[in-house]
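An overview of the molecular structure
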Amino acid sequence: MHAPPSKLPSVGTTIFSVMSALAAEHEAINLSQGFPDFDCDSHLFSLVQQAMHAGHNQYAPMPGVPILRERIAEMTSELYGAAYDPEQEITITAGATAALFAAISAVVHPGDEVIVLEPAYDSYVPVITLCGGTPVFVRLTWPEYGIDWQALRRALSSRTRMIILNSPHNPTAATLSAHDLQKLDELIHDTDILVLSDEVYEHIIFDGRQHASVARNENLRQRAFVVSSFGKTFHTTGWKVGYCLAPAELMREFRKVHQFLTFSVATPLQHAFAGYLQDENRYLELGRFYQAKRDLFLDMMRASRFRPLACCGTYFQSFDYSAISEEDDQSMARRVTQEWGVAAIPVSAFYHDGTDNRVLRFCFAKSDETLERAAERLCRI
Ligand code: PMP
Ligand code: GLN
């Protein structure tokens, strides 16, 4: 028997798994894959336990536990002034990953084009490919990582089905502004192009910036899937609970995929998040919490030869290391892990053609003590 031809011949194991494995092998401090090294609030554990003891242990309704969808609707309305109907326009998913998968595969047909702004989080393109779509890459400007509007305009065609946005942006930590969204609206207003907006870091935004959620822009919102994740917001990446917001017409198609992809998501976790969302400070304070970590890390790294790039949101800080080495970022990431004991992500992994600006991404969702130990090692390089 011959193995079937691969549907994703150019896809390997994700850089996150590769670097986390290398970090473990060399007992390095792992600032590569994005996850906190501290626990979530223990009150959240109690809420999960309460839900389990209350008997919430069987399948949840396919679109999600109603009280959780209501809480998300309230939060979205308060934060972004957008009214999503919890019945028809909100679905709970197995992390943002499953939401992204369902959104893309619900609407992308063979031959469709999807605009991907690069560098891009690595889960978008394989899904486009599986659907028979073609990713059309538009590079963000360097080193600001902003949208090149001329390049974007040139990339649009009669086959463009969707544009994928991500703000705050992984891996670059750049953010879009309300003005960017306005420009995008003008650009696609007279088309049928859809928007998929990955907003998993929506609450992790710094220096007084306001998150430019697509939900705030009424015209874009009408053609958009907006995706978020409790993994980032409540320090529970391993629980894999996320959600998608979309107008009813789009959500109908989304749910057709979701019901056969996951059907429903861990019931006690959904009840726990519904309870936890009652106190808005739990997400409103997240920006300040991570900004203090960013500032601590940056302050300690000032003694190093790494040059920091702007970090407007997310829990990633990137550094240009060209003052230290000429080597490519993949080898640099490996060498820093093996020889200096700190693992990071090479940003070239987020470009389809491996564009290498000699930048490493470090995750600062770590205890202050971990950041101190890491910075101390990096300053010796
Ligand atoms: N989008 C972005 C930009 C991410 O960084 C991540 C992962 N952290 C995801 C989506 C996936 O989120 P989840 O872990 O909830 O599936
Ligand atoms: N989003 C996380 C990161 O950017 C990793 C997620 C994953 O490992 N799949 O580091």
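These figures come from a predicted structure and were not determined experimentally.

**As for the site of ligand 2**
Contacts to ligand 2 come from Phe-16, Gln-33, Gly-34, Tyr-121, Asn-170, Lys-232, Phe-316 and Arg-361. Contact between ligand 2 and Asn-170: an oxygen atom at 2.7 Å from a side-chain N or O atom of the residue. One of the side-chain nitrogen or oxygen atoms of Arg-361 is found 2.7 Å away from an oxygen atom of ligand 2.

**Some details on helix H4 (residues 95–107)**
Counting buried residues in H4 gives ten out of 13 residues, a clear majority hidden from the surface. Of all the residues in H4, the buried ones are Gly-95, Ala-96, Ala-98, Ala-99, Leu-100, Ala-102, Ala-103, Ile-104, Ala-106 and Val-107.

**Here we look at the environment of Glu-118**
Topologically, Glu-118 is positioned in strand E3 (residues 113–118). The spacing of Glu-118 and Ser-348 is 230 residues in sequence and 9.9 Å in space, taken between C-alpha atoms. For Glu-118, the residues in contact, after removing those within four places along its chain, are Phe-137, Val-138, Arg-139, Leu-140, Phe-350, Tyr-351 and His-352. Looking at Glu-118, its side chain comes within polar contact range of the main-chain nitrogen of His-352, at 2.5 Å.

**What about helix H14 (residues 329–340)?**
Think of an α-helix as 3.6 residues a turn; residues three or four steps apart then line up on the same face. The complete set of buried residues in H14 reads Asp-329, Ser-331, Met-332, Ala-333, Val-336 and Thr-337. On its buried face, H14 is in contact with helix H1 (15–25), strand E11 (342–343), strand E12 (345–346), strand E13 (359–363) and helix H15 (368–378). For H14, the N-terminal capping position is held by Asp-328, with its side-chain oxygen 3.1 Å away from the main-chain nitrogen of Gln-330. Taken from the residues just after H14, Gly-341 is the one with a positive phi, measuring 75°.

**Focus: the sheet that holds strand E10 (residues 316–320)**
Paired through backbone hydrogen bonds, the strands of a sheet run either parallel or antiparallel to each other. Taken together, the four strands give an open sheet; going across it, the order is E9-E10-E13-E12, and neighbouring strands pair in antiparallel fashion. Only two strands of the sheet have a single partner each, and these edge strands are strand E9 (307–308) and E12. In the packing of helix H13 (residues 286–301) onto the sheet, contacts are made with E9, E10 and E13, and the angle to E10 comes to roughly 20°.

**Quick look at empty space enclosed by the protein**
Scanning the entire structure with this criterion turns up three cavities of 30 Å³ or more. Considered as a void within the structure, the largest cavity measures approximately 90 Å³ in volume. Lining the largest cavity we find Leu-117, Leu-140, Tyr-145, Ile-147, Leu-165, Asn-166, His-169, Ala-174, Thr-175 and Leu-176. Looking at side-chain class alone, the lining of the largest cavity contains seven nonpolar, three polar and no charged residues. In this structure, the second largest cavity occupies an estimated 50 Å³ of space. Taken together, Val-116, Leu-117, Pro-119, Ala-120, Tyr-121, Tyr-124, Ile-164, Leu-165, Asn-166, His-169 and Asn-170 make up the full set of residues lining the second largest cavity. At the level of elements, E3 and strand E5 (160–166) are the ones that each hand at least two residues to the lining of the second largest cavity. Counting residues per element, the lining of the second largest cavity draws most heavily on E5, at three residues. Looking at the lining of the second largest cavity, its residues break down into eight nonpolar, three polar and no charged.

**Observations regarding the sheet that holds strand E2 (residues 90–93)**
Spatial strand order, E2-E8-E7-E6-E5-E3-E4: seven strands in an open sheet with mixed pairing. On the outer flanks of this sheet lie E2 and strand E4 (134–139), each paired with one strand and no other. Going from strand to strand, the sheet's axes swing by 20° on average, the running direction of each strand aside. Judged from the four bridges that link them, strand E6 (residues 194–198) and strand E7 (residues 224–229) form a sheet pairing that is parallel. By the bridge assignment for E7, Leu-196 is matched with Phe-225. Against the sheet, helix H3 (residues 66–80) engages E2 and strand E8 (242–245), with an angle of about 115° to E2. Of the strands in this sheet, E2, E5, E6, E7 and E8 touch H4, which is tilted by about 165° from E7.

**Comments concerning the pattern of salt bridges**
Across all of its chains, the model carries 16 salt bridges by this definition. The partner of Arg-139 in a salt bridge is Asp-353, and the shortest N-O contact between them spans 3.2 Å. Pair noted here: Arg-139 is in strand E4 and Asp-353 is in the loop between E12 and E13, with a separation of 214 residues, a long-range link. Given a relative accessible area of 43%, Arg-139 falls into the partly exposed group. Residue Asp-295 is joined to Arg-294 by a salt bridge in which the shortest nitrogen-to-oxygen separation is 2.9 Å. Accessibility expressed as a relative area gives 7% for Arg-294, which makes it buried. Among the charged side chains, a salt-bridge network with shared partners connects Asp-207, Arg-209, Arg-294 and Asp-295.

So, how was this worked out
Residues numbered from 1 in each chain as written. Chains lettered and ligands numbered in written order. Predicted model: local features only at pLDDT ≥ 70, side-chain atom pairs only at ≥ 80, totals over all residues. Heavy atoms only, no water. Near = heavy atom within 4 Å. Polar contact = N/O pair within 3.5 Å; in protein donor to acceptor, adjacent residues only side chain to side chain. Buried < 20%, exposed > 50% of the residue type's maximum accessible area, 1.4 Å probe, protein only. Helix = DSSP H or I, 4+ residues; strand = E, 2+ residues; numbered from the N terminus. Contact = heavy atoms within 4.5 Å. Pairing = 2+ DSSP bridges. Axes fitted to C-alpha atoms, helices over the stretch in contact; angles between N-to-C directions. 1 Å grid on protein atoms, 1.4 Å probe; cavity = no way out; pocket = protein on both sides within 12 Å on 5 of 7 lines; lining within 4 Å. Points joined across faces, edges and corners; volume = space filled by probe spheres on them. Nonpolar A, V, L, I, M, F, W, Y, C, P; charged D, E, K, R; others polar. Salt bridge = Lys/Arg side-chain N within 4 Å of Asp/Glu carboxyl O.

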